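Take a look at the letters that make up each chain.
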Amino acid sequence: METVWREEDGKRLAATLWRAGDGYRTISSAMLGGGIRTARWVLNAQVAGAYSRTDPAVHLAELAAAYGLEGPGVGMLTAASVSRTMRRDDEGVHVSATVGLRVPTWAAAPAGAPDPELAPLDGTSRPAWTPGTVNIVVAVPVPLDDAALVNAVVTATEAKTQALLEAGYPCTGTASDAVCVAAATGAEPEVFAGPRSTWGARIARAVHAAVHAGALDYTRYLDSRD
């Protein structure tokens, strides 16, 4: 995983690149390269807090081309500080997480409850798209079948929520979090990735450690501003 920088909207912004190459299958909720597919790279790019582009997938494709990324890949945007990305490993599982909690929220909220992160754009009734604030990338060195890939996303999400609660944030995340799980290909795939399976437990521990560290770092950042 490498960190690169660019100038955009009058700010110096970071991005992390993972040039995985051939041999990975991903499952992701990302705007670019989402779903289950093969991918050769994963990009997590920071944008300015007042991000106003309405074509984030196009923007990500432009960034990927600028960084020389070729072939299919996964791209995510975040308003969180990518230079503060937290990386944690657990017995072959590698996780990176950017954690920003400007608008923490519960997944199940009352119908019609306002959410500042999804406020109308320019006073219209059309909701704005705000970049994800907790972005997680998980790399697993073994193949996972389709069901196990889905299971891995669930496990990562549960571990994320556990970490946030333990760090003192009463929330399940933010309204626009994103996740990507990349699994190697080639051998007989694993069929389980729940938190008590071998690889699911490793995913859970690595995600928990990265998000917990990121949440505590975000708290220190907020304290430094006061």
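Residues numbered from 1 in each chain as written. Predicted model: local features only at pLDDT ≥ 70, side-chain atom pairs only at ≥ 80, totals over all residues. Heavy atoms only, no water.

(A) Just the sheet that holds strand 10 (residues 178-184), in detail. Strand order in the open sheet formed by six strands is 4-3-10-9-8-7, with mixed pairing between adjacent strands. The outermost strands of the open sheet, each flanked by one partner alone, are strand 4 (35-38) and strand 7 (86-90). Neighbour-to-neighbour, the strand axes of the sheet open up by a mean angle of 15 degrees, direction not taken into account. Set on the sheet, helix 3 (residues 198-225) makes contact with strand 7, strand 8 (93-99) and strand 9 (134-140); between it and strand 8 the angle comes to about 30 degrees. (Pairing = 2+ DSSP bridges. Helix = DSSP H or I, 4+ residues; strand = E, 2+ residues; numbered from the N terminus. Axes fitted to C-alpha atoms, helices over the stretch in contact; angles between N-to-C directions. Contact = heavy atoms within 4.5 Å.)

(B) A look at the sheet that holds strand 6 (residues 73-78). Taken in spatial order, the four strands of this open sheet run 1-2-5-6, and their pairing is mixed. The open sheet has two free edges, formed respectively by strand 1 (2-8) and strand 6, since each of these has just one partner strand. Ignoring strand direction, the axes of neighbouring strands in this sheet form an average angle of 20 degrees. Relative to strand 2 (residues 11-18), strand 1 runs antiparallel, the two sharing seven bridges. Looking at strand 2, one finds that E2 is bridged to L17. Strands in contact with helix 1 (residues 56-66) are strand 1, strand 5 (41-46) and strand 6; relative to strand 6, the strand with the most contacts, it is inclined by about 115 degrees.

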